[in-house]
Amino acid sequence: MHNTRNHVLSIDQGTTSSRAIVFDDQAAEKAVFRKEFHQYYPTPGWVEHDVEEIWRDVVSVCKETIYKAGGVDRIASIGITNQRETIVVWDRITHTTVYNAIVWQDRRTAERCEAMKKEGLEPIVQQKTGLLLDPYFSASKLAWILDNVPNVRERAEKGELAAGTIDCFLLWKLTNGQVHATDITNASRTLLFNIHEEEWDDDLLRLFNIPRAILPKVHPNSHIYGETHPTLFGRSIPIAGMAGDQQSAMIGQTCFKPGMVKSTYGTGCFMLLNTGDEAVNSENRLLTTIAYQINGVRHYALEGSIFVAGAGIKWLRDGLGLITYAAQTHDMATRIPNNGGVYMVPAFVGMGAPYWMPDAKGMICGLTLDSTAAHVARAALESIAYQTYDLENQFKKEAGGNTETVRVDGGAAANEWFCQFLADILDIKVERPVQLETTALGAAFLAGLATEVWPDLAALEKTWKIGSVFEPKMKQPERNQLLAGWKDAVARTLLPHQAS
Ligand SMILES: Nc1ncnc2c1ncn2[C@@H]1O[C@H](COP(=O)(O)OP(=O)(O)O)[C@@H](O)[C@H]1O
Ligand SMILES: O=P(O)(O)OC[C@H](O)CO
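Given the structure is predicted, the values throughout are model-derived calculations rather than measurements.

1. Details of the site of ligand 2
Point 1. Neighbouring ligand 2 are the residues Thr-15, Gln-83, Arg-84, Glu-85, Trp-104, Tyr-136, Asp-245, Gln-246, Gly-266, Thr-267, Gly-268 and Phe-270.
Point 2. Separating an oxygen atom of ligand 2 from a side-chain N or O atom of Thr-15 is a distance of 2.4 Å.
Point 3. Between an oxygen atom of ligand 2 and a main-chain N or O atom of Gly-268, the distance comes to 3.1 Å.
Point 4. Bound to the protein, ligand 2 loses 94% of the 310 Å² it would expose on its own.
Point 5. When grouped by side-chain class, the residues that make up the shell around ligand 2 number three nonpolar, six polar and three charged.

Here it is in structure tokens:
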């Protein structure tokens, strides 16, 4: 029996797609299924998801993956990883949601956050949570649901409703309402959790007017959270690992030593530096966040969050109709000798680190009659590297943040042209592992550690395999010229906001 249960099922619920991957005990991928789901933009700046659709997709990709990988009897445990900050409220009896999930990209609470900043509340919030007062995080979105959806506040206070991030909602559904819990990394992104004391913080709950009764229990990342209801997959399977997707990617990249950095290019881009057991307070508009808690050991990370990376490429496809699939951008960028002076600042949902401008709007500039679709596609790819450069610049100012290598992953890291350009702009070595699905792998590792598929972190480290290395080749004058163009484009984007 011990040998036959050597598979782990990972559920990776991202911003644009839900996927399930089965890994074996060598961390090799045995099967994968994925489904893109609908994005709802009810009004400019608002972004919502239908979590019933997400739930249906998750069940279907899990079933397909389990079957293709050899059946449920081989599955030792399940790990869950998810888009972070996105918040859901549901009825504890009927399991139905009271409102769509409000997605991390949603800016509807920008005014409320700004007002709180003006009251001078940011330093205390930052000290307790490591985060900033920005609509990106869950607290103001949860408060919006409580304040704007009829009867929700009264029902929440009576204990009839539950709230949580997507990991928490999936756990609830998988266990058929038996477990209302989240993990410490997802909790650390809500703006309600004290990352030093490891608990929901009464002052913060008061500040955002959130009833404690609505919040889940918080557990370490590698932990038996509960078991799936037997009718779902044919037998009960322990859910033994959960983590926010960016922390999960850090685990999947086995960045366990202080000083190691990973950068994930999915919808957004999130660069995390492991700072060990020290919660480093950033003075450079980076976030301090919990990286993971495994077997009693807690590590922190410094994080730079960019809201639009692959999402800019998706917009070329879905918004402009300029491409039919994302990988086309590789050939388009290669086809032209340079960017022709065209820059895109993809502030579609405001700008994250280090600018934190929730109201900024996107811009393409430098267009001439020579400009082609290839220039726009290249500008979108280039913008991801420039934004990473802006983060890297902030990291350099932090103690221990002077990195020589960055490990990349996520959908857009499949693009060779982009990876080379990133190495050129950062002027550091970019390493890409064979396994690009590190987010899913991280959650599998967490579950596998709790269910004896892997003994310890050292065993996980041995599974990491380098795929490609991108060495910087660009000469400094060219780099300087490109960065000056980017700086100018950002200044134009931010100008209206600085003036007001
Ligand atoms: N070859 C590619 N070049 C550039 N961008 C890509 C490429 N392949 C995928 N992407 C982008 O990566 C994103 C998907 O990556 P993924 O890691 O699945 O994201 P998420 O988990 O946020 O849904 C999409 O936004 C897509 O536009
Ligand atoms: O969907 P991703 O992979 O870009 O990740 C979203 C982040 O978790 C948001 O904080």
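The discussion continues.
2. Quick notes on the side chain of Arg-84
Point 1. Mapping Arg-84 onto the fold places it in the loop between β5 (75-82) and β6 (87-91).
Point 2. Those residues in contact with Arg-84 that sit more than four places away from it in its chain are Trp-104, Tyr-136, Asn-186, Arg-189, Gly-244, Asp-245, Gln-246, Gln-247, Phe-270 and Glu-303.

3. Some details on the packing of helix α1 (residues 51-68) against helix α6 (residues 166-174)
Two measures define how a pair of helices packs: the angle their axes make with one another and the distance between the axes.
Point 1. Taken N-terminus to C-terminus, the directions of α1 and α6 make an angle of 60°; their axes are 11 Å apart at the nearest point. In terms of orientation, α1 lies oblique with respect to α6. Classified by chirality, the crossing of α6 by α1 is right-handed. Residue-level inspection shows Val-51, Glu-52, Trp-55 and Val-58 of α1 in contact with α6, the latter providing Ile-166, Phe-169, Leu-170, Lys-173 and Leu-174.
Point 2. Classifying every residue of the contact of α1 with α6 by side-chain character gives seven nonpolar, no polar and two charged.

4. Here's the deal with the sheet that holds strand β1 (residues 7-13)
Point 1. Strand order in the open sheet formed by six strands is β3-β2-β1-β5-β14-β13, and the pairing between neighbours is mixed. The outermost strands of the open sheet, each flanked by one partner alone, are β3 (29-36) and β13 (222-227). Each neighbouring strand pair of the sheet contributes to a mean axis angle of 25°, computed without reference to strand direction.
Point 2. Relative to β5, β1 runs parallel, the two being bridged by seven bridges. When the sheet's bridge partners are listed, Leu-9 is paired in β5 with Ile-78.
Point 3. Packing of helix α10 (residues 245-252) onto the sheet brings it into contact with β5 and β14 (238-244), and relative to β14 it is tilted by some 105°.
Point 4. Here helix α15 (residues 438-450) sits on the sheet in contact with β1, β2 (17-23), β5, β13 and β14, set at roughly 135° to β5.

5. Brief notes about the UniProt feature "binding site: ATP" (unreviewed entry) in the protein
Point 1. Under the feature "binding site: ATP" (unreviewed entry), the UniProt entry names Thr-15, Thr-16, Ser-17, Thr-267, Gly-310 and Gly-411. Taken along the chain, the residues just named run across 397 residues; in space they keep tight, none of their C-alpha pairs more than 12.5 Å apart.
Point 2. Inspection of the secondary structure puts Ser-17 in strand β2.
Point 3. Apart from residues lying up to four places away in sequence, Ser-17 is in contact with Asp-12, Arg-34, Lys-35, Glu-36 and Phe-37.
Point 4. A distance of 3.5 Å separates the side chain of Ser-17 from the side chain of Arg-19, its partner in a polar contact.
Point 5. Residue Thr-267 is classed as buried on the basis of its relative accessible area, which comes to 14%.
Point 6. Look past the residues within four positions of Thr-267 in its chain and what remains in contact with it is Thr-15, Thr-16, Trp-104, Gln-105, Phe-307, Val-308, Ala-309, Gly-310 and Ala-311.

6. Description of the site of ligand 1
Point 1. Surveying the vicinity of ligand 1 reveals 18 residues, the closest of which are Thr-16, Arg-19, Thr-267, Gly-310 and Gly-411.
Point 2. At 2.6 Å, a side-chain N or O of Thr-16 approaches an oxygen atom of ligand 1.
Point 3. Asn-415 is positioned with one of its side-chain polar atoms (N or O) 3.1 Å from a nitrogen atom of ligand 1.
Point 4. About the coverage of ligand 1: the protein hides 85% of its 590 Å² of free accessible area.
Point 5. Breaking the shell around ligand 1 down by element, the ones donating at least two residues are β2 and α11 (310-318).
Point 6. Ranked by residue count, the leading element in the shell around ligand 1 is α11, at four residues.
Point 7. Across the shell around ligand 1, the residue classes tally to five nonpolar, 11 polar and two charged.

7. Observations regarding the UniProt feature "binding site: glycerol" (unreviewed entry) in the protein
Point 1. UniProt tags Arg-84, Glu-85, Tyr-136, Asp-245 and Gln-246 as "binding site: glycerol" (unreviewed entry).
Point 2. By the element assignment, Glu-85 lies in the loop between β5 and β6.
Point 3. Among the secondary structure elements, Gln-246 is positioned in helix α10.
Point 4. Relative accessible area serves as the criterion here: at 5%, Gln-246 is assigned to the buried category.

8. Things to note about the sheet that holds strand β23 (residues 466-470)
Point 1. Taken in spatial order, the seven strands line up as β17-β18-β16-β15-β21-β22-β23 in an open sheet, and their pairing is mixed. On the outer flanks of this sheet lie β17 (287-294) and β23, each paired with one strand and no other. The sheet shows a mean angle of 30° between the axes of neighbouring strands, taken without regard to direction.
Point 2. Packed on one face of the sheet, helix α14 (residues 416-426) meets β15 (261-265), β21 (405-409), β22 (429-433) and β23 and runs near 150° to β22.

9. Brief notes about the pairing of β14
Point 1. Across the seven residues of β14, seven count as buried, placing the element largely inside the fold.
Point 2. Relative to β14, β5 is paired through five bridges, and the arrangement is parallel. Each residue of the ladder has a partner; that of Ile-78, found in β14, is Ile-239.

10. Describing the side chain of Asp-390
Point 1. Relative to the assigned elements, Asp-390 resides in helix α13 (residues 373-397).
Point 2. With sequence-adjacent residues up to four places away left out, Asp-390 is seen in contact with Pro-354, Tyr-355 and Trp-486.

11. Here's the deal with unusual backbone geometry
Point 1. The omega angle of the peptide bond from Ala-353 to Pro-354 is -5°, so this bond is cis rather than trans.
Point 2. Here Pro-354 is to be found in the loop between β19 (343-345) and β20 (363-365).
Point 3. One non-glycine residue, Glu-452, lies in positive phi territory at about 65°.
Point 4. For Glu-452, the location among the structural elements is in the loop between α15 and α16 (457-461).

Definitions and cut-offs
- Residues numbered from 1 in each chain as written.
- Chains lettered and ligands numbered in written order.
- Predicted model: local features only at pLDDT ≥ 70, side-chain atom pairs only at ≥ 80, totals over all residues.
- Heavy atoms only, no water.
- Near = heavy atom within 4 Å.
- Polar contact = N/O pair within 3.5 Å; in protein donor to acceptor, adjacent residues only side chain to side chain.
- Areas by Shrake-Rupley, 256 points an atom, 1.4 Å probe, with all protein chains shown as cover.
- Nonpolar A, V, L, I, M, F, W, Y, C, P; charged D, E, K, R; others polar.
- Helix = DSSP H or I, 4+ residues; strand = E, 2+ residues; numbered from the N terminus.
- Contact = heavy atoms within 4.5 Å.
- Axes fitted to C-alpha atoms, helices over the stretch in contact; angles between N-to-C directions.
- Parallel < 35°, antiparallel > 145°, perpendicular 65-115°, else oblique.
- Left-handed = near helix turned anticlockwise from the far one by under 90°.
- Pairing = 2+ DSSP bridges.
- UniProt positions renumbered as here; feature names shortened; annotations may be inferred.
- Buried < 20%, exposed > 50% of the residue type's maximum accessible area, 1.4 Å probe, protein only.

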